[in-house]
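Single-letter residue listing:
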Amino acid sequence: MKDMTNDMTKTRVLIAEDEPLAAEALAAWVAQMPQLALVATCADGVSALAQIRALRPQLVLMDIHMPGLSGLQVLKALAEDGPRPAVIFTTAYDEHALAAFELHAVDYLLKPFARERLVEAIEHALASGAAQVQEATAEAVIALEQAPTEPLTRVLVRDQGKIFPLHVDHIEYLKSDTKYTALVSRGRSFLVRLPIASFEPRLDPARFLRLHRGCIVNLDFVDAMTPDENSQLVVQMRDGTRITANRDVSRRLREQSL
């Protein structure tokens, strides 16, 4: 006979995914994690909403785009019921969606996803606490419904297992490679899984200046700019960091100086 007492100690998981292969992979991986118990798999938003209300899972792996109701519509409907489950979104590439998730510290699985990434996302969701994950998810849903050109005022960042708001005005500079961006503030650096190009259109152009492809600085934290032997401006940040602007930016800055 199945040990129901043991099941009660596990985190109840519901999968809402309309792509059969993706749903099968998620179900198989959930089954391999002893702390989880899969309670249902749904292939459309209407059945997902009904099953979540009936089964009350603690964690939902949900696609944004599903027949019937989208993942966002499901979450909005659940908002009327009280506390919502923690949600990890599954999605194909959508720059606006990824930015909303990343900036609000909500985990997501980008298709095609890997088992290691699923385990990481689930462990983060379980460690963060239900209330914290629900609040972050609610804010991400609001961001998804807004135009992607809405100016940023804060970013939720992760550090040592915690999530906290970082006000955009306190970001001293942003440095990026092709995949990650480091937000530097008060001697600390916070990594997000977004290219720097995702930030630039949503930062105040009167305050933030892109020095080259991989760096944006907050002018409020610039001490001085001095030309080097190639007539390119070297920007001295208050924390001592020196960043060289590219030729075009250096020329424009010299033209704007009084």
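Residues numbered from 1 in each chain as written. Predicted model: local features only at pLDDT ≥ 70, side-chain atom pairs only at ≥ 80, totals over all residues. Heavy atoms only, no water.

J.: Let's hear about the overall build of the protein: which residues, and what values?
T.: A tally of regular secondary structure across the protein gives eight helices and 15 strands. Looking at the 258 residues of the protein, the share that counts as buried comes to 48%. A sequence separation of at least 24 residues applies to 52% of the contacts in the protein between residues at least 6 apart. (Helix = DSSP H or I, 4+ residues; strand = E, 2+ residues; numbered from the N terminus. Buried < 20%, exposed > 50% of the residue type's maximum accessible area, 1.4 Å probe, protein only. Contact = heavy atoms within 4.5 Å.)

J.: Residue-level account of helix 6 (residues 115-128), with values.
T.: For the α-helix, the turn length of 3.6 residues means that residues three or four positions removed from each other point alike. Relative to the 20 Å expected for 14 residues at 1.5 Å per residue, helix 6 spans 20 Å between its end C-alpha atoms, a close match to the ideal helical length. Taken as a whole, helix 6 has its buried residues at Arg-117, Leu-118, Val-119, Ala-121, Ile-122, His-124, Ala-125 and Ser-128. (Expected span 1.5 Å × (residues − 1).)

J.: Explain the pattern of salt bridges residue by residue, including any values.
T.: Applying the stated criterion across every chain yields a total of nine salt bridges. Here Lys-111 and Glu-19 are joined by a salt bridge, their closest N and O atoms 3.2 Å apart. Remark: Glu-19 occurs in the loop between strand 1 (11-16) and helix 2 (20-31) and Lys-111 occurs in the loop between strand 5 (108-110) and helix 6; sequence separation between them is 92 residues. Exposure remark for Lys-111: the relative accessible area of 17% places this residue in the buried category. Taking the relative accessible area as the measure of exposure, Glu-19 reaches 38% and is therefore partly exposed. Measuring nitrogen to oxygen at the nearest pair gives 2.5 Å for the salt bridge that ties Asp-169 to Arg-207. Here Asp-169, found in the loop between strand 7 (162-167) and strand 8 (173-176), pairs with Arg-207, found in the loop between strand 10 (188-192) and strand 11 (208-212); they are 38 residues apart in sequence, far enough to count as distant. Classification of Asp-169 by relative accessible area gives partly exposed; the value is 32%. (Salt bridge = Lys/Arg side-chain N within 4 Å of Asp/Glu carboxyl O.)

J.: Describe helix 2, listing the residues and the values that go with them.
T.: Between its first and last C-alpha atoms helix 2 spans 16 Å; for twelve residues at 1.5 Å apiece the expected length is 16 Å, and the two agree. Considered for burial, the residues of helix 2 that qualify are Ala-22, Ala-23, Leu-26, Ala-27, Trp-29 and Val-30. Along the long axis of helix 2, the arc covered by the buried residues comes to 165°, so they all point the same way. Opposite the buried face of helix 2, by more than 90 degrees, sit the exposed residues Pro-20, Leu-21, Glu-24 and Ala-31. Buried residues belonging to helix 2 abut strand 1, strand 2 (36-42), strand 3 (59-63), strand 4 (86-91), strand 5 and helix 6. (Arc of directions from axis to C-beta.)

J.: How would you explain the packing of helix 3 (residues 45-55) against helix 4 (residues 71-78) if you had to name every residue and give the values?
T.: Where helix 3 meets helix 4, the closest approach of the two axes is 9 Å, and the angle between their N-to-C directions is 35°. Helix-helix and strand crossings are classified by hand; for helix 3 and helix 4 the assignment is right-handed. Only Val-74, Ala-77 and Leu-78 of helix 4 make contact with helix 3, whose side of the interface consists of Gly-45, Leu-49, Ile-52 and Arg-53. Within the contact of helix 3 with helix 4, the residues separate by chemical class into five nonpolar, one polar and one charged. (Axes fitted to C-alpha atoms, helices over the stretch in contact; angles between N-to-C directions. Left-handed = near helix turned anticlockwise from the far one by under 90°. Nonpolar A, V, L, I, M, F, W, Y, C, P; charged D, E, K, R; others polar.)

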